[in-house]
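Structural description and commentary
Here are the chains, one letter per residue:
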Amino acid sequence: MLKRFLIAGGLMLAVILIIGGIFGFNLYKTIQGFKNQKHFTFVSEEAAKQETWQPTFSSVGNLDPVQGADLSNQLAGNVTGVYFESGQEVEKGRLLVQLDDSSEQAQLQGYQAQEKLAELNDQRAHDLFSKRLISQSDVDTADSNLKQAQSNVANTQADIAKKAIHAPFSGRAGIRNVNVGQYLPAGTVIVTLQALDHMYASFTLPEQALPVLAPHQKVTATVDAYPGQSFDGVVNAIDSKVDPATHNVRVQALLDNPRHQLRAGMFANVTVSAGKTQQVVTVPKAAVTYSLYGDSVFVITPDKDKKDDKGNPALVANEVFVKLGDERGPRVAVTEGVKDGDMIVTSGMQKLHSGTTVQINNDVTPDQANGEAGK
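All of these numbers come straight from a predicted model, not from anything done at the bench.

Below, the discussion takes up the pattern of salt bridges. Under the counting rule described, the total for this entry stands at 7 salt bridges. The shortest N-O distance in the salt bridge between Glu 89 and Arg 172 comes to 2.9 Å. With Glu 89 in strand S5 (residues 89-90) and Arg 172 in strand S8 (residues 171-173), the pair connects residues that are 83 residues apart, well separated along the chain. The partly exposed category is assigned to Glu 89, whose relative accessible area is 38%. Each of the salt bridges in this network shares a partner with another, and the network as a whole consists of Glu 46, Glu 51 and Arg 331.

This part takes up the pairing of strand S19 (residues 343-347). Where burial is concerned, most of S19 is hidden: 4 out of the 5 residues are buried. As paired elements, strand S1 (residues 41-47) and S19 share 4 bridges and run antiparallel to each other. Bridging across to S19, Glu 45 finds its partner in Val 345. Where strand S16 (residues 295-307) lies against S19, 2 bridges are found, and the strand directions are antiparallel. Bridging across to S19, Val 299 finds its partner in Ile 344.

Glancing now at the environment of Phe 84. The topology assignment puts Phe 84 in the loop between strand S4 (77-82) and S5. As for Phe 84 and Arg 176, which are separated by 92 residues in sequence, their C-alpha atoms are 8.5 Å apart. Beyond its immediate stretch of four places on either side in the chain, Phe 84 contacts Val 90, Arg 94, Leu 96, Val 97, Ala 173, Arg 176 and Val 191.

Further remarks concern the packing of aromatic side chains. Throughout the structure, instances matching the rule amount to 1 aromatic pair. Ring geometry for Tyr 226 and Phe 231: centres 6.4 Å apart, planes at 65 degrees, overall edge-to-face.

This part is about helix H2 (residues 102-130). The periodicity of an α-helix, 3.6 residues per turn, causes residues three or four places apart in sequence to face the same way. Here H2 is 29 residues long and its end C-alpha atoms lie 42 Å apart, about the 42 Å a rise of 1.5 Å per residue gives. Every buried residue belonging to H2 is among Glu 104, Leu 108, Glu 115, Ala 118, Asp 122 and Ala 125, and all of these are buried. At the exit of H2 stands Arg 132, carrying a positive phi of roughly 60 degrees.

Generally speaking, nonpolar side chains in soluble globular proteins are found buried as a group. The biggest cluster of nonpolar side chains holds 22 residues, and the ones touching the most others in it are Leu 63, Leu 262, Val 270 and Val 272. Of all the secondary structure elements, the ones that give two or more residues to this core are strand S10 (189-206), strand S11 (218-222), strand S12 (231-242), strand S13 (248-256) and strand S14 (267-273). At 5 residues, S10 tops the list of elements feeding residues into this core. Those residues within four positions of Leu 262 in sequence are excluded, and the remaining contacts are Leu 63, Leu 196, Met 199, Val 223, Phe 231, Leu 255, Asp 256 and Asn 257. Counting 18 residues, the second largest nonpolar core, distinct from the first, contains Val 97, Leu 184, Ile 190 and Val 191.

Strands sit in the order S7-S6-S4-S9 across an open sheet of 4 strands; the sheet is antiparallel. Sheet topology places strand S7 (164-166) and strand S9 (183-184) at the edges, where each strand pairs with a single neighbour.

A separate point is unusual backbone geometry. A positive phi angle, near 60 degrees, is found at Arg 132, a position not held by glycine. With respect to the helices and strands, the residue Arg 132 is situated in the loop between H2 and helix H3 (136-162). Residue classification places Arg 132 among the exposed positions, given a relative accessible area of 77%. A positive phi is found at His 260, a non-glycine position, where the angle reads about 60 degrees. You can see His 260 is positioned in the loop between S13 and S14.

Attention now goes to the packing of H2 against H3. Packed helices, taken two at a time, are described by the angle their axes make and the gap between the axes. At a minimum axis distance of 8 Å, the contact between H2 and H3 shows a crossing angle of 160 degrees. Classified by the angle between their axes, H2 and H3 sit roughly antiparallel to one another. Considering the relative orientation of H2 and H3, their crossing is left-handed. Each residue belonging to the contact of H2 with H3 can be placed in one class, and the counts come to 11 nonpolar, 12 polar and 6 charged.

What follows concerns the confidence of the model for the protein chain. Should the pLDDT be low somewhere, the predicted coordinates at that spot are not to be read in detail. For the protein chain, per-residue confidence averages 87 on the pLDDT scale, and residues scoring 70 or more make up 85% of the total. In the model of the protein chain, helix H1 (residues 2-36) stands out as the element of lowest mean pLDDT, 56, in contrast to strand S6 (residues 95-99), which has the highest, 97. Note that pLDDT drops below 50 for residues 30-37; the model gives that stretch 3 contacts with residues more than four away or on any other chain. Under a pLDDT of 50 for its full length, residues 365-375 has, in the predicted model, 23 contacts with residues more than four places off or in other chains.

Reading the values: the criteria
- Residues numbered from 1 in each chain as written.
- Predicted model: local features only at pLDDT ≥ 70, side-chain atom pairs only at ≥ 80, totals over all residues.
- Heavy atoms only, no water.
- Salt bridge = Lys/Arg side-chain N within 4 Å of Asp/Glu carboxyl O.
- Helix = DSSP H or I, 4+ residues; strand = E, 2+ residues; numbered from the N terminus.
- Buried < 20%, exposed > 50% of the residue type's maximum accessible area, 1.4 Å probe, protein only.
- Pairing = 2+ DSSP bridges.
- Contact = heavy atoms within 4.5 Å.
- Phe/Tyr/Trp six-rings, centres within 6.5 Å; stacked < 30°, edge-to-face > 60°.
- Expected span 1.5 Å × (residues − 1).
- Core = buried A, V, L, I, M, F, W, Y, C linked by side-chain atoms within 4.5 Å.
- Axes fitted to C-alpha atoms, helices over the stretch in contact; angles between N-to-C directions.
- Parallel < 35°, antiparallel > 145°, perpendicular 65-115°, else oblique.
- Left-handed = near helix turned anticlockwise from the far one by under 90°.
- Nonpolar A, V, L, I, M, F, W, Y, C, P; charged D, E, K, R; others polar.
- pLDDT = per-residue confidence, 0-100.

What follows is the structure, given as structure tokens:
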């Protein structure tokens, strides 16, 4: 009985040892595989590149019309006709508003009759003077009466013309402020008229820009109302003085506005291209980490002390502090810290520190770039 028990125990112990050995061997392989696994962070990259940039100056300015006016009446009167609608495009010379001129028309008829009589009297006076029947003073009086009559006619005609308000230039009418039958005191604003084919952008630049500023330099403007859209133009004029308080000089640009999108009173972000072109090294703005301690980028380089799965030197990202220059769209110039051709991390920087092993995948997005191998 004891012998059987010992044999059964021995067999059971042998089975346990075999099973334990298999489990231990598999556990050892798992641990070794985990130790040998290459851990890395997915990132996207883009090479720093050298570009030719035109130096620029940027400022914020106001938009003003090339031609714009608040149209008003010079003489008081009742409105007898309104010949435009709010927001309508009107041509130069078009009649916009007519005021009652019936009394002036009646006066004109009387003055015209006086003018005709004065012309006849003046002609008779000259005939009689040629026959030496009247004196020179009588001729002078006749001439004076004729001129006075002509003046009365011209003055009345001018008053009649002032009661017909015409468009002084072609443009777009604003919201009209008058209606038929309304009495208008002299100086009442009838409507605002703006010529919108071109606009002025008025802005200031520091006096240090004066040596490279000149008329006809290229200008680009953007406005918040139309994000992603720019308006081209040229420098139209540079003020003849510098503001002694701010040491800025006022500049005026002429902008094209073919679709009449720009309106007077808008703010505009203006960029002036000036000076000689320069060679600069640029990187995507998304690649730059901004902080109070300095701006930096991660530069990817091979590390011969680390190997990838194929036995090649692994790629390592190291943080490099940089000095930045001008910005152009999605790119920024780097004046120190990066050279042409350096591989720059463009996404996945949040999980990086100097010495992190990385794997490049330019298909990932910034959110996806933070995942690690094996996850």
